[in-house]
Amino acid sequence: MKRSTPLTTIAAVAAASALTLSGCSSPEDDTAAQHSQHETPSESASSEDHGESHKHASDGGQPPEGIKEASDPTYAVGEEVTLTADHMPGMNGAKATISGAFDTTTYSVSYTPTDGGDPVKDHKWVVHEELDNPDRAPLADGTEVVLNADHMPGMKGAEASIDSSTEETVYMVDVDTDDMTMTNHKWVVEGEVQPGQ
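Residues numbered from 1 in each chain as written. Predicted model: local features only at pLDDT ≥ 70, side-chain atom pairs only at ≥ 80, totals over all residues. Heavy atoms only, no water.

- Naming follows an unreviewed UniProt entry, where the protein appears as YdhK family protein of Brevibacterium picturae.

Below is the structure:
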């Protein structure tokens, strides 16, 4: 009687195991594997992008030096309002309290954060007094500027481009929603505020 060698036995067991395992997968498993191979990191992270790009501090701090308080704003400091802005998750429809009202030029800007973050497009808002040594307001769309605003990580010192501007009264607000609690949030413009209900 011929004896099998240990190497032959191991090879036979491995072959049998491979055949057994290959019979266990289903067409659904194959489809799921193919889907996961084609999913890009941007697709799988898309639900987080909005929140990641809006990491504001819980306290926005004081208004910038040189900004002029509004003499007769539609919404006075301390007044309860409803926000219609959608800059951040949970903001549209949120109840807020006006914590400051100012007359200045307010800009939407696009910039690349100094901390290596992804480029930010159409960020609303920064005020003229948050720009580094700007020309006289209002600056034209497309003007290149440097930001002194520090609303989010990587913003201060970033090179930016003006996307648009408005002369509306601009407000700081205290807002508390399921998604955020902020004091002195900068900024919302008058067209993004409605009377409180």
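1. Side note on the overall build of the protein
For step 1, the next point in the chain: The helix and strand inventory of the protein stands at 3 helices and 10 strands.
For step 2, the next point in the chain: Scanning the protein from its N terminus toward the C terminus, one meets helices and strands in the order α-α-α-β-β-β-β-β-β-β-β-β-β.
For step 3, the next point in the chain: Buried residues in the protein amount to 33% of all 197 residues.
For step 4, the next point in the chain: Here the analysis covers contacts within the protein between residues at least 6 apart in sequence; of these, 61% occur between residues at least 24 apart.
For step 5, the next point in the chain: If you sum the accessible surface of the protein, you get close to 11,900 Å²; carbon and sulfur atoms cover 50% of it. (Helix = DSSP H or I, 4+ residues; strand = E, 2+ residues; numbered from the N terminus. Buried < 20%, exposed > 50% of the residue type's maximum accessible area, 1.4 Å probe, protein only. Contact = heavy atoms within 4.5 Å. Areas by Shrake-Rupley, 256 points an atom, 1.4 Å probe, with all protein chains shown as cover.)

2. Focus: the packing of aromatic side chains
For step 1, the next point in the chain: Applying the stated criterion across every chain, the model contains 2 aromatic pairs.
For step 2, the next point in the chain: An angle of 70° between the planes, with centres 5.9 Å apart, marks the rings of tyrosine 75 and tyrosine 171 as edge-to-face. Here tyrosine 171 lies in strand S8 (residues 170-176) and tyrosine 75 lies in the loop between strand S1 (68-69) and strand S2 (80-83), a separation of 96 residues in the sequence. Comparing tyrosine 75 with tyrosine 171 shows no difference in burial state: the two are buried.
For step 3, the next point in the chain: Between phenylalanine 102 and tryptophan 187, the ring centres sit 5.8 Å apart and the planes meet at 85°, which makes this aromatic pair edge-to-face. Here phenylalanine 102, found in strand S3 (residues 95-103), pairs with tryptophan 187, found in strand S9 (residues 181-189); they are 85 residues apart in sequence, far enough to count as distant. By the burial criterion, phenylalanine 102 is buried, and tryptophan 187 matches it.
For step 4, the next point in the chain: Just above the ring of tryptophan 125 sits the side chain of lysine 124; from NZ or CZ to the centre is 5.7 Å. (Phe/Tyr/Trp six-rings, centres within 6.5 Å; stacked < 30°, edge-to-face > 60°. Lys NZ or Arg CZ within 6 Å of the ring centre and 35° of its normal.)

3. With respect to the side chain of glutamate 130
For step 1, the next point in the chain: With respect to the secondary-structure elements, glutamate 130 resides in the loop between strand S5 (120-127) and strand S6 (144-146).
For step 2, the next point in the chain: No salt bridge is formed by the buried glutamate 130; its nearest oppositely charged neighbour, lysine 186, is found at 5.4 Å.
For step 3, the next point in the chain: In this structure, glutamate 130 is in contact with Pro64, Trp125, Val146, Leu147, Asn148, Ala149, His151, Lys186 and Trp187, ignoring residues within four places of it in sequence. (Lys, Arg positive; Asp, Glu negative; His and termini not counted. Salt bridge = Lys/Arg side-chain N within 4 Å of Asp/Glu carboxyl O.)

4. Some remarks on the side chain of threonine 169
For step 1, the next point in the chain: Relative to the helices and strands, threonine 169 is located in the loop between strand S7 (159-166) and S8.
For step 2, the next point in the chain: Threonine 169 sits in the buried class, given a relative accessible area of 14%.
For step 3, the next point in the chain: Setting aside chain neighbours within four positions, we find threonine 169 in contact with Ala70, Pro73, Ala101, Phe102, Asp103, Val188, Val189 and Glu190.

5. Here's the deal with the sheet that holds S7
For step 1, the next point in the chain: Strands sit in the order S5-S4-S7-S6 across an open sheet of 4 strands; the sheet is antiparallel. Looking at the sheet topology across the chains shown, the edges are occupied by S5 and S6. If you compare each strand with its neighbour and ignore which way they point, the axes differ by 45° on average.
For step 2, the next point in the chain: Of the strand pairs in this sheet, strand S4 (residues 106-111) and S5 are connected by 5 bridges, and their pairing is antiparallel. From the neighbouring strand, threonine 106 faces S5, where its bridge partner is valine 127. (Pairing = 2+ DSSP bridges. Axes fitted to C-alpha atoms, helices over the stretch in contact; angles between N-to-C directions.)

6. A closer look at the pairing of S9
Every regular strand shows the same layout, with side chains that alternate between the two sheet faces.
For step 1, the next point in the chain: Burial analysis of S9 places 7 of its 9 residues in the buried class, the great majority of the element.
For step 2, the next point in the chain: Examined bridge by bridge, S8 and S9 share 6 bridges and lie antiparallel to one another. In the strand pairing of S9, methionine 172 is matched with lysine 186.

7. Concerning the pairing of S7
For step 1, the next point in the chain: Relative to S7, S4 is paired through 6 bridges, and the arrangement is antiparallel. Counterpart to serine 108 in the pairing with S7 is serine 164.
For step 2, the next point in the chain: When S6 meets S7, the two strands line up antiparallel, connected through 3 bridges. Bridged to glutamate 144 within S7 is serine 161.

8. Details of the nonpolar core
For step 1, the next point in the chain: Core analysis: the biggest nonpolar cluster contains 18 residues, and Val81, Leu83, Tyr171, Val173, Val175, Val188 and Val193 have the highest contact counts within it.
For step 2, the next point in the chain: Of all elements in the fold, only S2, S3, S8 and S9 reach the threshold of two or more residues within this core.
For step 3, the next point in the chain: Setting aside anything within four residues of it in sequence, one finds valine 188 in contact with Leu83, Ala85, His87, Trp125, Thr169, Val170, Tyr171, Val173 and Val193.
For step 4, the next point in the chain: Within the second largest apolar cluster, 15 residues are counted, among which are Tyr111, Leu131, Met155 and Ala160. (Core = buried A, V, L, I, M, F, W, Y, C linked by side-chain atoms within 4.5 Å.)

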